[in-house]
Amino acid sequence: MTRPTGNVRLKAARVAAGFNSQQGLADALSEHAKRMGVRGLSIGVRQVRRWESDNPPWPQPDCQRVLAQLLGQSLEALGFTPPWGTDGVSAGPGQRVPVPGAATALGLPGVPGRRTTASHPATVGTDFHAVTKSHRRLYWTVAPAGLHPAVEAHATLGCVLLREAAEPTRSVIAAALAETYLLAGRIEFFDLREPGLAHETLLLALQAASEADAPLLGSAVIAHMAFIPGWVGDREAACERMTAARTYARRTHASAEFLAWLDAVEAECETRCGDPRMALRLIGHAEDVMKDGNAHSSPEWMDWFSPARLAAFKGNTQLLAGHLPQARTTLLEALDAMAPGEEKQRTVVYGDLAAVEAASGNPEGACSYAGQALDQLALTWYATGMDRVREVRRALTPHQQERCVRDLDDRLYDWSTTVSALSR
């Protein structure tokens, strides 16, 4: 396999953001500069070519701002080295400390090439993958803050093994490494609330998927990356990433479930960007895709989606669109359809049901569902579920003198819940 050359971090970020050519990124940067109010800044394809070379120059200040904002990560994460160097500088909050071996294994610049002969038995690939599978299962029951260091350590090992492996073991390790980084990125985004760190991790997942030549894994990674701009209302960036995710999915045999999940991801992004009508159309299409099915099975690593979770997506969208009776019905059906192992999503559905009751002027019903969410969170922590409960409590401010709301406050701010929430 030919090793990637040049500034592969910027190249990966460009592709992940949906810019398949250097010219496309140049045009987008120039347009984004206008929207940011940066006057007189025009970025051409020649400049992008220099940035993607083996020794990319440190961008000028205005270019730094536009690059970082458009691609959603720091200049260092995009493969640039500041003129003052990086030796001895510790990572700040939300920054990833470089992992020894990771750059070599994933073909990042400035690192000696990998070995060309295997130094491990052929079973090393299946052994490494077995641990990856175990971590994936543990995610649904173990506190994410406790699991995350183990997943990162496993990824470090995978980088070392990948550097030392020959085919076909190399592809097995690369695919498992992509799954591992994907899991780490999910924890960072959904549980630890570190979108910047999640973006960097998901880029590593995308590079590993490329090493494994696994387009479906690549599609899953890029779709997860769409959540990051989607959740802050950047519709353009989210849509570009979804276009890239769908493009990768077309290159292989994607199951109906996987294609429906892509619709669901885009629907959530549209909802958070203020277009619930488009989101409901996407969810309707996802329901049709699931109903029709196809001949392809879903990959083993896709354990985050089901018909019940699609219903939960739909109920949340109906709630935000103001369709309260429909949302209540959909969310109750989703709750009934959830299987063991979907406890994290159950907290979100309880939170959404609480929001439906709060918006309907039923504070007692809202507090009852919020209490059930807290009961589940005490067993299975999920930051997204806690966010839903907090949103409901804010919506109940006009009723804060009522007994049910005071009781909810006692639950929400007892010693155990407060310490647990702040420590995670």
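Refer to the structure printed above.
Residues numbered from 1 in each chain as written. Predicted model: local features only at pLDDT ≥ 70, side-chain atom pairs only at ≥ 80, totals over all residues. Heavy atoms only, no water.

Visitor: Looking at this structure, how should I read the nonpolar core?
Guide: For soluble globular proteins, nonpolar side chains are generally found buried alongside one another. Core analysis: the largest hydrophobic core is formed by 129 residues, its most contacted members being Leu29, Trp51, Leu71, Phe258, Trp261, Trp304 and Phe305. Here this core takes 13 residues from helix α8 (residues 169-191), the largest share from any one element. Excluding residues within four positions of it along the chain, Trp304 makes contact with Trp140, Leu182, Arg186, Ala220, His224, Trp261 and Arg309. (Core = buried A, V, L, I, M, F, W, Y, C linked by side-chain atoms within 4.5 Å. Buried < 20%, exposed > 50% of the residue type's maximum accessible area, 1.4 Å probe, protein only. Helix = DSSP H or I, 4+ residues; strand = E, 2+ residues; numbered from the N terminus. Contact = heavy atoms within 4.5 Å.)

Visitor: Help me understand the state of the cysteines in this model?
Guide: The bond known as a disulfide is covalent and runs between the sulfur atoms of two cysteines. Scanning the entire structure with this criterion turns up zero disulfides. The cysteine Cys269 is free of any disulfide, with Cys273 supplying the nearest cysteine sulfur at 6.4 Å. Given a relative accessible area of 4%, Cys269 falls into the buried group. Of the cysteine sulfurs around Cys404, a residue in no disulfide, the closest is that of Cys367, at 3.8 Å. (Disulfide = S-S within 2.5 Å.)

Visitor: What should I look at first to understand the pattern of salt bridges in this one?
Guide: If charged atoms from side chains of opposite charge come close, those side chains can pair. Tallied over the full model, the rule gives 20 salt bridges. Glu342 serves as the salt-bridge partner of Arg309, at 2.8 Å between the closest nitrogen and oxygen. Taken as a pair, Arg309 in helix α14 (residues 307-320) and Glu342 in the loop between α15 (324-337) and α16 (343-359) lie far apart in primary sequence, 33 residues in all. Note on Arg309: relative accessible area 6%, which makes it buried. Among the charged side chains, a network of salt bridges with common partners joins Lys133, Arg136, Glu179, Glu300 and Asp303. (Salt bridge = Lys/Arg side-chain N within 4 Å of Asp/Glu carboxyl O.)

Visitor: Looking at this structure, how should I read the side chain of Glu342?
Guide: Taking relative accessible area as the criterion, Glu342 reaches 8% and is therefore assigned buried. Residues contacting Glu342, with those up to four places away along its chain left out, are Ser306, Ala308, Arg309 and Ala337.

Visitor: Would you mind going over unusual backbone geometry with me for this structure?
Guide: Leave glycine aside and you will find that most residues have negative phi; peptide bonds, for their part, are mostly trans. Cis peptide bonds are those with omega within 30 degrees of zero, and the linkage from Glu167 to Pro168 qualifies with 5°. Among the secondary structure elements, Pro168 is positioned in the loop between α7 (144-164) and α8. We note that Arg193 has phi near 55°; this positive angle belongs to a residue other than glycine. Mapped onto the fold, Arg193 is located in the loop between α8 and α9 (195-212). Judged by relative accessible area, which is 30%, Arg193 ranks as partly exposed. You will see that Asp213, though not glycine, has its phi angle at about 50°, which is positive. Looking at the element boundaries, Asp213 is found in the loop between α9 and α10 (215-230).

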